[in-house]
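Chain by chain, the residues run as shown.
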Amino acid sequence: MYECPWCRRKSFSFWQKQWLGPARAIKCTACTRKVSVPWGKAHIAASPLLLGAIFGLVVWGPMLGEGKLGILFGGIFGAVFGMLLTAPIYHLYVPLVKPGQQEDNRGDDDEDLSRSRRG
């Protein structure tokens, strides 16, 4: 389970986070506020998927057979292999954040705002 950046309750499952992208937000079941993931870290975590598919098209495709079918299977095998690498990276590296938040800022926004007003 993953912690909501708003209420700090563990209310998101592994699969909810895996299907969550930076352009999408889901609601916390505890506080009903929306949660997303940061763009940069999500793209870095997804890069093995893209690189695996390209590698599969270029290298494994011709090895599996001459023609379009071999290249297609090579791309699919490469993407599946890339996804096996992407899932644990996404799990460990990409945090849940408040929508629009780019960095992994663990502090409360209200607390930061009150500090900036004081001095």
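Because the structure is a prediction, the values reported are computed rather than measured. (Residues numbered from 1 in each chain as written. Predicted model: local features only at pLDDT ≥ 70, side-chain atom pairs only at ≥ 80, totals over all residues. Heavy atoms only, no water.)

1. Description of the packing of aromatic side chains
For the structure shown, the criterion picks out four aromatic pairs. Both rings, one in phenylalanine 73 and one in phenylalanine 77, keep their centres 6.3 Å apart while their planes meet at 25 degrees; by these two values the pair is stacked. In this pair, phenylalanine 73 and phenylalanine 77 both sit in helix H3 (residues 68–93), four residues apart, roughly one turn of the helix. Relative accessible area serves as the criterion here: at 39%, phenylalanine 73 is assigned to the partly exposed category. Under the relative-accessibility criterion, phenylalanine 77 is labelled partly exposed at 45%. (Phe/Tyr/Trp six-rings, centres within 6.5 Å; stacked < 30°, edge-to-face > 60°. Helix = DSSP H or I, 4+ residues; strand = E, 2+ residues; numbered from the N terminus. Buried < 20%, exposed > 50% of the residue type's maximum accessible area, 1.4 Å probe, protein only.)

2. A short note on the side chain of serine 36
Along the polypeptide, serine 36 turns up in the loop between strand E4 (34–35) and helix H2 (39–64). The exposure class assigned to serine 36 is buried, which follows from its relative accessible area of 5%. Engagement of the side chain of serine 36 in a polar contact is seen with the backbone oxygen of proline 22, the distance being 3.5 Å. A distance of 3.0 Å separates the side chain of serine 36 from the backbone oxygen of arginine 24, its partner in a polar contact. Beyond its immediate sequence surroundings of up to four residues, serine 36 is in contact with Leu20, Gly21, Pro22, Arg24, Ala25, Pro95, Leu96, Val97 and Pro99. (Polar contact = N/O pair within 3.5 Å; in protein donor to acceptor, adjacent residues only side chain to side chain. Contact = heavy atoms within 4.5 Å.)

3. A look at the side chain of lysine 17
Inspection of the secondary structure assignment puts lysine 17 in helix H1 (residues 14–18). With a relative accessible area of 3%, lysine 17 lands in the buried category. Setting aside residues no more than four positions away along its own chain, lysine 17 makes contact with Tyr2, Tyr90, His91, Val94, Pro95 and Leu96.

4. What about H3?
Its 26 residues give H3 an end-to-end C-alpha distance of 36 Å, which sits within 8% of 38 Å, the value for a rise of 1.5 Å per residue. What H3 keeps buried is the set Gly70, Gly74, Gly75, Gly78, Gly82, Thr86 and Tyr90. (Expected span 1.5 Å × (residues − 1).)

5. Considering the pattern of salt bridges
Throughout the structure, instances matching the rule amount to one salt bridge. We note a salt bridge from glutamate 3 to arginine 8, for which the minimum N-O separation is 3.9 Å. Since its relative accessible area comes to 32%, glutamate 3 is described here as partly exposed. Using a relative accessible area of 32% as the deciding quantity, one classes arginine 8 as partly exposed. (Salt bridge = Lys/Arg side-chain N within 4 Å of Asp/Glu carboxyl O.)

6. Section: unusual backbone geometry
The phi torsion at arginine 8 lies on the positive side, around 65 degrees, for a residue other than glycine. Inspection of the secondary structure assignment puts arginine 8 in the loop between strand E1 (2–3) and strand E2 (10–12). Unusually for a residue other than glycine, threonine 32 sits at a positive phi of about 60 degrees. Structurally, the position occupied by threonine 32 is in the loop between strand E3 (26–27) and E4.

7. Details of H2
Taking 1.5 Å of rise per residue, 26 residues should cover 38 Å, and H2 covers 35 Å from first to last C-alpha, within 8% of that figure. Burial in H2 covers these residues: Ala42, Ala45, Pro48, Gly52, Ala53, Gly56 and Gly61.

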